Amino acid sequence: GDFNGDGMLDLAITNLGNDNLTILLGNGDGTFRAAASPATGGQPVAVATGDLNSDGKLDLAVVNQGSYNVTILLGNGDGTFSPASASADTGAVPEAITVGDFNGDGKLDLAVTNSANSNVSILLGNGDGTFTSAAAAPATGPSPYAIAAGDFNGDGKLDLAVVNQGDCGLTILLGNGDGTFTPAAASAVPPGISNYSIAVADFNADGKPDLAVANNGSGQATILLGNGDGTFAPTASPPVTGANPWGVAAGDFNGDGRIDLVTADSGSNSVSVMLQSPQGPAAAVSPGSLTFSSQSVGTASSSQTILLSNSGSAALNVTAITASGNFSQTNNCPDSLPAGGSCTILVTFAPSATGALSGMLTITDNNDGLTGSSQTAMLAGTGTAPVTASPAPVVLPSAPASVLPLQSGR
């Protein structure tokens, strides 16, 4: 998070042996400088960020495994932190933490896994950096470790996903919106062996949150696709990581619009970056925009070309190609563009008014296997007043000179 308000991301790292945090302030170029190290409770093992006292500055919540509590460090906005008036108690052997508004009061709350109690402590925020324990600590599987929050059943209330080391299982706790939780039906999907970390993201772009679990014992990251009702289904082929993955995070690391994975692999002292490959058809439009030269109103330009290609592994079903505004198109694209194929779209500009004019080319297809997906290209041109030819001047023939008759003298 940005702890000193300079627009650059900073880091907070737990030091289990020193009972403190290392704060590293980002320089914006991938390097960091050390700031003061705030004290924590005994044996800090996890940290989460959020504005816990509603002052617009990022704060820290630190899980202390040795003292069975959470230290709240309130950010001063300059990269330093001050301890809140009180810590928040957890259960026995707390392991991991996540932040969210679990009771819908607009104040951030905390959820902490308690490995020795096989449950989750729900700590409801008071809005001033202090917390009140909820009446109930929802049960998990044996030895819960990692935890993440998301709306897994689409009801607008935050839920919890917990991976349990004791049975290598997954517990989904559906939020009731009041700080209490109900176990989801059929939530015991075995995500892998020795699970140490979990991440939430929409990996298949269906609008439903999915899960990625780092499996320390199998050297894989299990992908669990959300069904939108609080249940999940594993993919057939989990991506392979380095040896003994410990942590997992999700994001679009190569800018292609697909969510990728990264794991920290303790057994190989390495980081594994797993880029998501296209599933099914993969449409691309080139170029992404066209600009036409000035064109007289009432006339049409020469055509410019846009290429539609399919670099995916299945046919791209093209259901419509349209051009809006003062633009029109013709194309040779088939209804089904095979994998590795391409087709040509010719766009023409025919302005109906003067001035800068814009439009859009829209291609409707099943890109990435999503029916109704669309690819677009921006279109622009300038209409000018029509040129009218001036009429040629009319030249009238000269009148013939008058001839007077010659008169003889007397």
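Residues numbered from 1 in each chain as written. Predicted model: local features only at pLDDT ≥ 70, side-chain atom pairs only at ≥ 80, totals over all residues. Heavy atoms only, no water.

**A short note on the overall build of the protein**
Link 1 in the chain: The number of helices and strands found in the protein is 0 helices and 34 strands.
Link 2 in the chain: For a compact globule of 410 residues, the expected C-alpha radius of gyration is about 22 Å, and the protein comes in at 33 Å, more than 25% above that figure.
Link 3 in the chain: If you line up the protein on its principal axes, its C-alpha atoms span 155 × 50 × 40 Å.
Link 4 in the chain: Taking all contacts inside the protein whose residues are at least 6 apart in sequence as the whole, residues at least 24 apart take part in 44%.
Link 5 in the chain: By element, 53% of the accessible surface of the protein is carried by carbon and sulfur atoms, the whole surface being about 19,100 Å².
Link 6 in the chain: Across the protein, the mean location of the 7 positive side-chain charges is 21 Å away from that of the 31 negative side-chain charges. (Helix = DSSP H or I, 4+ residues; strand = E, 2+ residues; numbered from the N terminus. Rg over C-alpha atoms; globule rule 2.2 N^0.38 Å. Contact = heavy atoms within 4.5 Å. Areas by Shrake-Rupley, 256 points an atom, 1.4 Å probe, with all protein chains shown as cover. Lys, Arg positive; Asp, Glu negative; His and termini not counted. Charge placed at Lys NZ, Arg CZ, Asp CG, Glu CD.)

**Some remarks on the sheet that holds strand β12 (residues 131–133)**
Working definition: the strands of a sheet are paired by backbone hydrogen bonds and lie parallel or antiparallel to each other.
Link 1 in the chain: Ordered in space as β9-β10-β11-β12, the 4 strands form an open sheet in which the pairing is antiparallel. What marks the edges here is a single partner per strand, and that holds for β9 (94–100) and β12. Going from strand to strand, the sheet's axes swing by 25 degrees on average, the running direction of each strand aside.
Link 2 in the chain: Taken together, the 5 bridges between β9 and strand β10 (residues 109–114) define a ladder with antiparallel strand orientation. Bridging across to β10, V99 finds its partner in L110. (Pairing = 2+ DSSP bridges. Axes fitted to C-alpha atoms, helices over the stretch in contact; angles between N-to-C directions.)

**Some thoughts on the state of the cysteines**
Link 1 in the chain: Per the counting criterion, the structure on display carries 1 disulfide.
Link 2 in the chain: Disulfide pairing is shown between C333 and C343; the S-S distance is 2.0 Å. Residues C333 and C343 are joined through a disulfide that is right-handed, its torsion about the S-S bond being 85 degrees. You can see C333 sitting in the loop between β30 (327–331) and β31 (336–337) and its partner C343 sitting in strand β32 (residues 342–349), a full 10 residues away along the chain.
Link 3 in the chain: According to the relative accessible area criterion, C343 is buried, its value standing at 3%. (Disulfide = S-S within 2.5 Å. Buried < 20%, exposed > 50% of the residue type's maximum accessible area, 1.4 Å probe, protein only.)

**Quick word on the packing of aromatic side chains**
Two measures describe an aromatic ring pair: the distance that separates the ring centres and the angle between the ring planes.
Link 1 in the chain: Overall, the coordinates contain 8 aromatic pairs when judged by the stated rule.
Link 2 in the chain: Residues F292 and F349 carry aromatic rings whose centres are separated by 5.8 Å and whose planes lie at 45 degrees to one another, so their mutual orientation is tilted. Of this pair, F292 sits in the loop between β25 (289–291) and β26 (295–296) while F349 sits in strand β32, and the two are 57 residues apart along the sequence.
Link 3 in the chain: Overall, the relative accessible area of 7% leaves F292 in the buried class.
Link 4 in the chain: The structure contains a cluster of three or more aromatic residues connected by ring pairs, namely Y145, Y196 and W246. (Phe/Tyr/Trp six-rings, centres within 6.5 Å; stacked < 30°, edge-to-face > 60°.)

**Observations concerning the sheet that holds strand β17 (residues 195–201)**
Link 1 in the chain: Read across the open sheet, the 4 strands follow the order β17-β18-β19-β20; overall the sheet is antiparallel. Edge positions in the open sheet fall to β17 and β20 (232–234), since each of these has one partner strand only. The sheet shows a mean angle of 25 degrees between the axes of neighbouring strands, taken without regard to direction.

**Observations regarding the side chain of T40**
Link 1 in the chain: Tracing the backbone shows T40 in the loop between β3 (32–34) and β4 (44–50).
Link 2 in the chain: From its side chain, T40 meets the backbone nitrogen of N20 in a polar contact 3.5 Å long.
Link 3 in the chain: Excluding its chain neighbours within four sequence positions, the residues that come into contact with T40 are D19, N20, L21, V62, N64 and T71. (Polar contact = N/O pair within 3.5 Å; in protein donor to acceptor, adjacent residues only side chain to side chain.)

**Section: the side chain of S115**
Link 1 in the chain: Tracing the backbone shows S115 in the loop between β10 and β11 (119–125).
Link 2 in the chain: Setting aside residues up to four positions removed in sequence, S115 forms contacts with A92, V93, E95, S143 and P144.

**Details of unusual backbone geometry**
In terms of backbone geometry, most residues other than glycine have negative phi values and most peptide bonds are trans.
Link 1 in the chain: Each neighbour pair has its own omega, and for S286 with P287 the value is -5 degrees, a cis peptide bond.
Link 2 in the chain: By secondary structure assignment, the location of P287 is in the loop between β24 (283–286) and β25.
Link 3 in the chain: Here D19, not a glycine, exhibits a phi torsion of approximately 55 degrees, which is positive.
Link 4 in the chain: Structurally, D19 is set in the loop between β1 (11–15) and β2 (20–26).
Link 5 in the chain: Judged by its relative accessible area of 32%, D19 is partly exposed.
Link 6 in the chain: A positive phi angle, close to 50 degrees, is found at N269, a residue other than glycine.
Link 7 in the chain: Its place among the elements puts N269 in the loop between β22 (260–265) and β23 (270–274).
Link 8 in the chain: Note on N269: relative accessible area 73%, which makes it exposed.

**As for the pattern of salt bridges**
Link 1 in the chain: Per the stated rule, a full pass over the model turns up 1 salt bridge.
Link 2 in the chain: D368 serves as the salt-bridge partner of R258, at 3.3 Å between the closest nitrogen and oxygen. Here the residue R258 occupies a position in the loop between β21 (245–251) and β22, and D368 occupies one in the loop between β33 (355–365) and β34 (373–384), the gap between them amounting to 110 residues.
Link 3 in the chain: You can call D368 partly exposed: its relative accessible area is 27%. (Salt bridge = Lys/Arg side-chain N within 4 Å of Asp/Glu carboxyl O.)

**Details of the layout of surface pockets**
Link 1 in the chain: Here the largest pocket is characterised by a volume of approximately 930 Å³.
Link 2 in the chain: What lines the largest pocket is a set of 29 residues, and nearest its centre among them are A12, A46, V47, A48 and V248.
Link 3 in the chain: At the level of elements, β1, β4, β9, β13 (144–150), β17, β21 and β22 are the ones that each hand at least two residues to the lining of the largest pocket.
Link 4 in the chain: Here the residues of the lining of the largest pocket are counted per class, giving 21 nonpolar, 6 polar and 2 charged. (1 Å grid on protein atoms, 1.4 Å probe; cavity = no way out; pocket = protein on both sides within 12 Å on 5 of 7 lines; lining within 4 Å. Points joined across faces, edges and corners; volume = space filled by probe spheres on them. Nonpolar A, V, L, I, M, F, W, Y, C, P; charged D, E, K, R; others polar.)

**Quick look at the nonpolar core**
Link 1 in the chain: Residues I306, L308, I321, I345, V347, L361 and I363 are the most contacted members of the largest nonpolar core, which totals 21 residues.
Link 2 in the chain: At the level of elements, β24, β27 (304–310), β32, β33 and β34 are the ones that each hand at least two residues to this core.
Link 3 in the chain: The element that contributes the greatest number of residues to this core is β32, accounting for 4 residues.
Link 4 in the chain: In this structure I306 touches V285, S286, P287, L290, C343, T344, I345, V347, L361 and A377, once residues within four positions along its chain are discounted.
Link 5 in the chain: A161, L174, I198 and V213 belong to the second-largest nonpolar core, a separate cluster that totals 16 residues. (Core = buried A, V, L, I, M, F, W, Y, C linked by side-chain atoms within 4.5 Å.)

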